[in-house]
Amino acid sequence: MPKVTIHHLEVRFQVDGDDGAVFTRLFNQHIQAWAKLYEDQCARAKHTETERRFGDAEGHS
């Protein structure tokens, strides 16, 4: 997974309770969803590349 550098991030929200805990919970939910999508995309790309190589190998036999 490539590294991501966030240079500036400003988040404003109003919540009842501990702001830090709410931010952490929401951030974790969204970063996990992003990571799942990214991993799925990488797996599809790898699968496609594997199929492409397999097809190329068959053509040269």
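Refer to the structure above for everything that follows.
For the structure given in this document, a descriptive report is provided here. The model shown is predicted, which means the values in this text are computed figures rather than measured ones. Sequence order as written defines the numbering, with residues in each chain counted from 1. A pLDDT threshold of at least 70 governs which residues receive local features in this predicted model, and a stricter bar of 80 or more applies before side-chain atom pairs are shown or counted, although totals over entire chains, interfaces and linings include all residues. Heavy atoms throughout the structure, all of them, feed into the side-chain values; hydrogens and water do not.

Some thoughts on the pattern of salt bridges
The line we're drawing: Salt bridge, as used here, is a side-chain nitrogen of Lys or Arg placed within 4 Å of a carboxyl oxygen of Asp or Glu. Helix and strand definitions follow DSSP, with helices as H or I runs of at least four residues and strands as E runs of at least two, each counted in order from the N terminus. Buried, partly exposed and exposed residues are distinguished by accessible area as a fraction of the type maximum, computed with a 1.4 Å probe on protein chains only: under 20%, between the cut-offs, and over 50%, respectively.
In the structure shown here, the tally under the stated rule is four salt bridges. Notably, a salt bridge pairs Lys36 with Asp40, separated by 3.0 Å at the nearest N-O pair. On the criterion of helical spacing, the pair formed by Lys36 and Asp40 is a turn pair, its members being four residues apart in helix α1 (residues 19–59). By relative accessible area, which is 48% here, Lys36 ends up partly exposed. Under the relative-accessibility criterion, Asp40 is labelled partly exposed at 29%. For Glu49, the salt bridge identified is with Arg52, shortest N-O distance 3.0 Å. Here Arg52 and Glu49 lie together in helix α1, a separation of three residues that amounts to about one turn. When its relative accessible area of 29% is taken as the criterion, Glu49 is described as partly exposed. Look at Arg52 and you get partly exposed, because its relative accessible area is 46%. Salt bridges linked by common partners bring Glu49, Arg52 and Arg53 together as one network.

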